[in-house]
Amino acid sequence: MLQMNGYQAKRSQYVQDAVLSATPAGLLTMLYDRLLLDLARAGAAQEAGDWSVASENLLHAQDIVGELMSSLRTDVWDGAAGLMSLYTYVRQTLVEANTRRDRTRTAECAEILEPLRQAWHEAASTGRPAAVAQGQSQSQDAPRSLGVLGVG
């Protein structure tokens with residue numbers, strides 16, 4: 001097992017503390033931020049022909065989309081079914097981007113998700129956490145999300 005240096009250990013602890021203390025809206029924005037970071041890293045790796053790094057980031061992005069899907073409460077919000085369809089499409093497209101080594105599919109997912117990321121951030125900054133968490137489960141999100149945010 002690799003040992004973390006002091007900086008990595010402190011960073012990991014900082015991220016873990018941030019995730020555990022995040023509001024549902026804050027956690028949702030963290031997930032979207034990490035998702036778009038994974039897509040940017042995957043796209044750069046695909047362009048460079050570094051397929052193992054691209055795959056690692058695309059798989060992590062799929063995990064995050066899976067987390068978003070599993071926390072979506074279709075019984076609470078009328079728009080949840082449409083968002084679930086979008087998540088399903090993005091996850092399938094990420095699989096294709098990985099298996100076909102297709103940079104355009106990775107870029108397509110980023111183009112779809114970036115406006116959502118911006119909207120969640122905007123809603124969170126207005127102090128309307130219920131608007132941000134529309135239909136997203138608010139129970140036990142932080143502990144489950146530690147792994148997809150790279151903590152724990």
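Above this note sits the structure.
On a predicted model such as this, the values are computed, not experimentally measured, just so you know.

Some words on the overall build of the chain
- Across its full length, the chain carries 7 helices and 0 strands.
- Helices and strands appear in the chain in the N-to-C order α-α-α-α-α-α-α.
- Residues counted as buried form 41% of the 152 residues belonging to the chain.

Thoughts on the packing of helix H2 (residues 24-48) against helix H3 (residues 51-71)
- Remark: H2 packs on H3, axes separated minimally by 8 Å, with the N-to-C direction vectors making an angle of 155°. Considering their axes alone, H2 and H3 lie roughly antiparallel with respect to each other. Helix-helix and strand crossings are classified by hand; for H2 and H3 the assignment is left-handed. In this structure, H2 contributes Leu 28, Leu 31, Tyr 32, Arg 34, Leu 35, Asp 38, Leu 39, Arg 41, Ala 42, Ala 45 and Gln 46 to the contact, and H3 contributes Trp 51, Val 53, Ala 54, Asn 57, Leu 58, His 60, Ala 61, Ile 64, Val 65, Glu 67 and Leu 68.
- For the contact of H2 with H3, a count of residues per class yields 15 nonpolar, 3 polar and 4 charged.

Some details on the nonpolar core
- Counting 24 residues, the largest nonpolar core has Tyr 32, Leu 35, Leu 39, Leu 68, Tyr 87, Leu 94 and Leu 113 as the members making the most contacts within it.
- At the level of secondary structure, the elements contributing two or more residues to this core comprise H2, H3, helix H4 (80-99) and helix H5 (103-125).
- Not counting residues up to four positions away in its chain, the partners in contact with Tyr 32 are Leu 68, Tyr 87, Leu 113, Leu 116, Arg 117 and Trp 120.

Here's the deal with the environment of Arg 117
- Within the secondary structure, Arg 117 is located in helix H5.
- A residue is classified by how much of its surface remains accessible, and Arg 117, at 21% relative accessible area, is partly exposed.
- A sequence separation of 85 residues divides Arg 117 from Tyr 32, and the C-alpha atoms of the two residues are 5.5 Å apart.
- What Arg 117 contacts, discounting residues up to four positions off in sequence, is Tyr 32, Asp 33 and Leu 36.
- Of the polar contacts made by the side chain of Arg 117, one reaches the side chain of Glu 114; its length is 2.9 Å.

Let's talk about the environment of Met 69
- Position of Met 69 relative to the elements: it lies in helix H3.
- On the basis of relative accessibility, which here comes to 16%, the residue Met 69 falls in the buried class.
- Considering only alpha carbons, one finds Met 69 and Leu 83, 14 residues apart in sequence, at a separation of 8.7 Å.
- Here Met 69 is in contact with Met 84, Tyr 87, Thr 88 and Arg 91, once residues within four sequence places are set aside.

About the thresholds
- Residues numbered from 1 in each chain as written.
- Predicted model: local features only at pLDDT ≥ 70, side-chain atom pairs only at ≥ 80, totals over all residues.
- Heavy atoms only, no water.
- Helix = DSSP H or I, 4+ residues; strand = E, 2+ residues; numbered from the N terminus.
- Buried < 20%, exposed > 50% of the residue type's maximum accessible area, 1.4 Å probe, protein only.
- Axes fitted to C-alpha atoms, helices over the stretch in contact; angles between N-to-C directions.
- Parallel < 35°, antiparallel > 145°, perpendicular 65-115°, else oblique.
- Left-handed = near helix turned anticlockwise from the far one by under 90°.
- Contact = heavy atoms within 4.5 Å.
- Nonpolar A, V, L, I, M, F, W, Y, C, P; charged D, E, K, R; others polar.
- Core = buried A, V, L, I, M, F, W, Y, C linked by side-chain atoms within 4.5 Å.
- Polar contact = N/O pair within 3.5 Å; in protein donor to acceptor, adjacent residues only side chain to side chain.

Geometry only, nothing functional implied.
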